[in-house]
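Chain residues, written in single-letter form:
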Amino acid sequence: MQDSLRHVYFLSDGTGITAETLGSTLLTQFPQQRFYRTTVPFISTIAKAQSIVREIDQVAMGQERPLVFSTAVNEEIRNELAKCNGVLVDLIGAHVQLLEEALDTKASHQPGQAHGLGNTLRYQSRMLAVEYAMEHDDGQSLRAMEKAEVILIAPSRCGKTPTTMYLALQHGVYAANFPLVDEDFPGDTLPAPIRPYAAKCFGLTSNPMRLSQVRTERRPGSDYASLRQCGIELRSAERLYDTHDIPYLNSASMSVEEISAVILQRMGLRH
């Protein structure tokens, strides 16, 4: 099966996260094509670079030339990787040169800056935000709720937890989340613990079919996962959001990254 796929390599002298992210973003523009992906991080020596070049050249001999996305910043490593018989997309080189000219200074060419400790204070703030998100997941803790920059509210399994964790880890946002359950809906009043923080609330909703599918994976055959129950909870949640002017979005067909971007923009959060 792999022979029918186009090979793609994500190469880096750092973690490889940036190469994967940027390369995969470009590949989404070709949804009809299937790919066999290989990530090779920490290419820190010429010997390692030469080894991966030999592998790419071997693959290229038997089929179409592999696509190669590289974020290597070390000039010697970059030059070595450029010798491969793949279709090389250098995601760093040309841009660094442009910035060197614009800033009239030389780049450090040090790997690992994007996803290493980098700015220590920013890194520490993200870790503190992650701790906060974990403590305040699903309403487990009400301590220091006033520190929350955003409180996600939604019926169960609408994506609250992964979104708060992403906001914390990637953006350093102090994000809590609170579940909406049946007893919260009569009277259209916000649950007491979050009532003082209505201005910080952001709602998530879904569509009944999608929510039922997700819940069925957790509790198959239960009333909790039934299409009827999912529909009731989602309609009630949306009515609650409208009553209290709480912004919300439908997470059914959105990625965590997209949901987070909308929340940051609509809540005016900058990190």
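1. As for the layout of surface pockets
Item 1. Within this model, the largest pocket holds a volume of roughly 580 Å³.
Item 2. Together, 30 residues line the largest pocket, and Ser156, Arg157, Cys158, Gly159 and Lys160 are the ones closest to its centre.
Item 3. Sorting the residues of the lining of the largest pocket by element identifies helix H6 (160–171), strand E6 (175–180), helix H7 (208–218), helix H8 (227–243) and helix H9 (256–266) as the ones contributing at least two each.
Item 4. Examining the composition of the lining of the largest pocket, we find that 5 residues originate from one element, H7, more than from any other.
Item 5. Class assignment for the residues of the lining of the largest pocket results in 12 nonpolar, 8 polar and 10 charged.

2. A word on unusual backbone geometry
Leave glycine aside and you will find that most residues have negative phi; peptide bonds, for their part, are mostly trans.
Item 1. Although it is not a glycine, Arg157 adopts a positive phi angle of roughly 75°.
Item 2. Note on placement: Arg157 falls in the loop between strand E5 (150–155) and H6.
Item 3. Residue classification places Arg157 among the partly exposed residues on the basis of a relative accessible area of 41%.
Item 4. One non-glycine residue with positive phi stands out, namely Asp245, at about 55°.
Item 5. One can find Asp245 in the loop between H8 and strand E8 (248–250).
Item 6. We classify Asp245 as exposed; its relative accessible area is 69%.

What counts, and at which threshold
- All residue numbers refer to positions counted from 1 along the written sequence of the respective chain.
- In view of the model being predicted, local features appear only for residues whose pLDDT reaches at least 70, and side-chain atom pairs are presented and counted only at 80 or more, with totals across whole chains, interfaces and linings using the full set of residues.
- To obtain the side-chain values, all non-hydrogen atoms of the structure were included, while hydrogens and water were left out.
- Each cavity reported here is a set of points on a 1 Å grid over the protein atoms alone in which a 1.4 Å probe fits but cannot get out, each pocket an open set with protein on both sides within 12 Å along at least five of seven lines, and each lining residue one with an atom within 4 Å of a point.
- Grid points are joined across faces, edges and corners, and a volume is the space filled by probe spheres set on the points.
- Numbered from the N terminus, helices here are DSSP runs of H or I no shorter than four residues, and strands are runs of E no shorter than two.
- Residues were grouped as follows: Ala, Val, Leu, Ile, Met, Phe, Trp, Tyr, Cys and Pro as nonpolar; Asp, Glu, Lys and Arg as charged; and all remaining residues, including Gly, as polar.
- The cut-offs for exposure are 20% and 50% of the maximum accessible area for each residue type, with area from a 1.4 Å probe on protein chains only; residues under the lower value are buried, those over the upper are exposed, and the others partly exposed.

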